[in-house]
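# Examination of the molecular architecture
If you want the building blocks of each chain, they are given just below.
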Amino acid sequence: MTADAGLEALADRAALVLLYHGAWTTPPTELAGGLHNVPPVVMRSQLAAVGRHFEWVDVDTLAAMSDPRGYAAVTFDDGYRSVFDEALPVFEALDVPITVYLNGAVFEGRVFWRDKVRLVQNRGWVDAFERFADNVPRIPGRRFYRYTKDPGTNSARVDAELDRFLASRAAAPPPRYCVDDVDDLPRHDLVAYGNHGHHHYVMSSLDAAQQAAEVDRTARLLERLRGGRLSRWFSVPFGDARDFDAATTAVIEAAGYRGVLLSRGRVHDRPRRLHGAGSVERFMPTDSPLAFWPGALA
Ligand SMILES: [Zn+2]
């Protein structure tokens with residue numbers, strides 16, 4: 001089946017909510033391993049193909065539909081600079097709206113903790129970290145990148161150990177690849193912003209008070225974006241069913257959010273509930289121009 005035939009068939013039975021992260025033509029070396037990156041030129045061909053068969057709307061509009069078949073939306077998580085520096089012109093050229101989900105802690109001087117994980121990995125320091133961090137349990141059969149985001153291990157503790165480790169190496173501070181100044185977030189007709197948790201911690205690894213802080217601190221920061229459109233949906237860090245729980249649902253509802261955005265490599269056929277929250281399925285295209293939806297059409 002060609003890409004176009006597959007998308008045409010898909011539009012009859014589902015909506016497509018795309019999830020992108022990095023949008024670098026050439027990702028920074030220290031991020032490249034373990035980063036989900038789609039170069040803008042590839043993104044453009046993907047969007048053109050989707051746009052031949054789906055009608056673009058923003059994700060909040062799509063999420064409110066009882067029958068969203070034939071609609072598509074684009075989301076970005078983590079707020080990497082490349083979204084604005086490299087990808088935005090593509091969305092302007094195609095007139096496609098995007099919603100960018102942010103982690104408030106980076107606007108308070110923190111480095112995105114998963115970039116620290118990637119830094120340790122890409123500098124070949126995993127063994128050294130594991131000797132150093134007696135506070136972060138290893139999980140047999142799981143590599144460093146995976147066990148550090150396990151819901152059974154409090155993400156805040158892993159983040160603190162990463163800071164302690166990097167300080168012990170007297171390494172230069174990790175480079176900051178996310179937009180970290182609110183004034184650098186463009187107010188743009190095609191761009192809306194949303195909440196992706198304050199530190200991008202695994203919500204289900206935290207207690208209820210920590211979860212509430214993760215949601216509320218970034219919600220308050222987003223309210224400072226005067227003139228910027230805000231999404232009423234919470235993008236769950238890591239985006240799988242195990243990454244949040246009923247406590248998360250209670251916290252986001254109390255904060256006025258309508259539900260959660262997931263990342264499970266699925267198409268969105270209709271609103272469904274998960275852990276008591278309304279949920280929207282999202283799909284991460286790979287960096288391949290044509291075969292970018294493996295499995296989704298099966
Ligand atoms: Zn994320």
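Residues numbered from 1 in each chain as written. Predicted model: local features only at pLDDT ≥ 70, side-chain atom pairs only at ≥ 80, totals over all residues. Heavy atoms only, no water.

### Focus: the nonpolar core
In terms of nonpolar packing, the biggest core is built from 80 residues, with L16, V74, F76 and F91 touching the most fellow members. The dominant element in this core, judged by the number of residues it contributes, is helix α5 (residues 81-94), at six residues. Among the domains, domain 1 (3-109 + 181-280) and domain 2 (113-168) are the pair contributing at least three residues each to this core. Setting aside residues up to four positions removed in sequence, F76 forms contacts with L19, Y20, H21, A23, M43, V83, A87, F91, I98, T99, V100 and Y101. Counting 11 residues, the second largest nonpolar core, distinct from the first, contains L62, A73, Y101 and L261. (Core = buried A, V, L, I, M, F, W, Y, C linked by side-chain atoms within 4.5 Å. Buried < 20%, exposed > 50% of the residue type's maximum accessible area, 1.4 Å probe, protein only. Helix = DSSP H or I, 4+ residues; strand = E, 2+ residues; numbered from the N terminus. Domains from an automatic or database assignment. Contact = heavy atoms within 4.5 Å.)

### Concerning the pattern of salt bridges
Where charged atoms of side chains with opposite charge meet at close range, the side chains can pair. Taken as a whole and assessed by the stated rule, the structure comprises 19 salt bridges. Of the charged contacts in the structure, one is a salt bridge between R266 and E281, with a shortest N-O distance of 3.9 Å. Here E281 lies in the segment after β9 (277-280) and R266 lies in the loop between β7 (259-261) and β8 (272-274), a separation of 15 residues in the sequence. A single network of salt bridges, built from pairs that share partners, joins R110, K116, D159 and D163. (Salt bridge = Lys/Arg side-chain N within 4 Å of Asp/Glu carboxyl O.)

### Topic: the domain arrangement of the chain
In terms of domains, the chain is made up of domain 1 (3-109 + 181-280) and domain 2 (113-168). Here the C-alpha centre of domain 2 lies 26 Å away from the C-alpha centre of domain 1. Counting from both sides, the interface comprises 19 residues of domain 1 and, opposite them, 17 residues of domain 2. Summed over both sides, the interface of domain 1 with domain 2 buries roughly 1,400 Å², with 50% coming from carbon and sulfur. At the junction of domain 1 and domain 2, the tally comes to nine residue pairs in polar contact (both at pLDDT 80 or more). Its residues assigned to classes, the side of domain 1 that touches domain 2 comprises eight nonpolar, eight polar and three charged. (Buried area = accessible area lost by both parts, 1.4 Å probe. Polar contact = N/O pair within 3.5 Å; in protein donor to acceptor, adjacent residues only side chain to side chain. Nonpolar A, V, L, I, M, F, W, Y, C, P; charged D, E, K, R; others polar.)

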